[in-house]
Amino acid sequence: MKKLILGLVLAGSMLCAETYTKEDRIKDMNDMAHAMNVIQSGFFYNNYETVKVGVTQLADTVEHVKPPIEEVENQDIMARYMNEKIQMSDKIVKKINQKALTILQRFKAGDSAQAVQAYTKIMGQCMKCHREIRNW
């Protein structure tokens, strides 16, 4: 009985779950670009609170980013295996979150040079995604 109820709950949640579309990804990319601009403004004005707002926005947005449903549900198994978009996206999200935390820690400690270096590494992760996943 418990397995049946659990199965129904899981099936219901899967049916109600929103799909992630290309339009959603574009919105998230714009939100991430805005968050990076906020962080950069915080650097320029030497304002920790502004940097913190930007890092929070970036961390919240990057958690949503993933390949759109069309790419995830690609019927060609070999293409999905070769592309590894989901695994690569997960790694990039993890690295961005780590570097975002580094920005906050270093900037709060007064080490703005290391904070900017972490910012640059986040930009590198952004470009890695655009080169390897989006074929720029």
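Higher on the page you've got the structure.
The rules behind these values
Residues numbered from 1 in each chain as written. Predicted model: local features only at pLDDT ≥ 70, side-chain atom pairs only at ≥ 80, totals over all residues. Heavy atoms only, no water. Helix = DSSP H or I, 4+ residues; strand = E, 2+ residues; numbered from the N terminus. Buried < 20%, exposed > 50% of the residue type's maximum accessible area, 1.4 Å probe, protein only. Contact = heavy atoms within 4.5 Å. Phe/Tyr/Trp six-rings, centres within 6.5 Å; stacked < 30°, edge-to-face > 60°. Expected span 1.5 Å × (residues − 1). Arc of directions from axis to C-beta. Polar contact = N/O pair within 3.5 Å; in protein donor to acceptor, adjacent residues only side chain to side chain. Core = buried A, V, L, I, M, F, W, Y, C linked by side-chain atoms within 4.5 Å. Axes fitted to C-alpha atoms, helices over the stretch in contact; angles between N-to-C directions. Parallel < 35°, antiparallel > 145°, perpendicular 65-115°, else oblique. Left-handed = near helix turned anticlockwise from the far one by under 90°.

Draft legend 1. Structural view of the overall build of the chain. A count of helices and strands for the chain gives 7 helices and 0 strands. Taken from the N to the C terminus, the helices and strands of the chain come in the order α-α-α-α-α-α-α. Looking at the chain residue by residue over its 136 residues, the buried ones come to 27%. Counting only contacts in the chain whose residues sit at least 6 apart along the sequence, the fraction spanning at least 24 positions is 63%.

Draft legend 2. Broad picture of unusual backbone geometry. The phi angle at Asn 46 is positive, at roughly 50 degrees, despite the residue not being glycine. Here Asn 46 shows up in the loop between helix H2 (22-44) and helix H3 (48-62).

Draft legend 3. Representation of the packing of aromatic side chains in the model. Evaluated as defined, the whole model comprises 2 aromatic pairs. Pairing Phe 43 with Phe 107 gives two aromatic rings, centres 5.4 Å apart and planes at 45 degrees, and the pair type is tilted. Here Phe 107 lies in helix H6 (residues 85-108) and Phe 43 lies in helix H2, a separation of 64 residues in the sequence. Across the pair, Phe 107 and Phe 43 agree in class, each one buried.

Draft legend 4. The arrangement of H3 in detail. Taking 1.5 Å per residue, 15 residues should reach 21 Å; H3 reaches 21 Å between its end C-alpha atoms and fits that length. Those residues of H3 lying buried are Val 51, Gly 54, Val 55, Leu 58, Thr 61 and Val 62. Axial view of H3: buried residues confined to an arc of 135 degrees, hence all on one face. Where the residues of H3 are buried, they touch H2, H6 and helix H7 (112-132). Residue Asn 47 occupies the N-cap position of H3, its side-chain oxygen lying 2.9 Å from the main-chain nitrogen of Glu 49.

Draft legend 5. The nonpolar core, seen in detail. By size, the foremost hydrophobic cluster in this structure holds 25 residues, and its most contacted members are Ile 39, Phe 43, Val 51, Val 55, Leu 58, Ile 103 and Ile 122. Put simply, the parts of the chain that give this core at least two residues each are H2, H3, H6 and H7. Among the elements that make up this core, the one with the highest residue count is H6 (7 residues). Among residues more than four places away in sequence, those in contact with Val 55 are Ile 39, Ala 100, Ile 103 and Leu 104.

Draft legend 6. Region of the structure containing the packing of H6 against H7. The N-to-C vectors of H6 and H7 enclose an angle of 165 degrees; their axes lie 8 Å apart at closest approach. Taken together, the axis directions place H6 and H7 in an arrangement best described as roughly antiparallel. The chirality of how H6 crosses H7 is left-handed. Within the contact between the two elements, H6 uses Met 88, Ile 92, Lys 95, Ile 96, Lys 99, Ala 100, Thr 102, Ile 103, Arg 106 and Phe 107 and H7 uses Ser 112, Gln 114, Ala 115, Ala 118, Tyr 119, Lys 121, Ile 122, Gln 125, Lys 128, Cys 129 and Glu 132.

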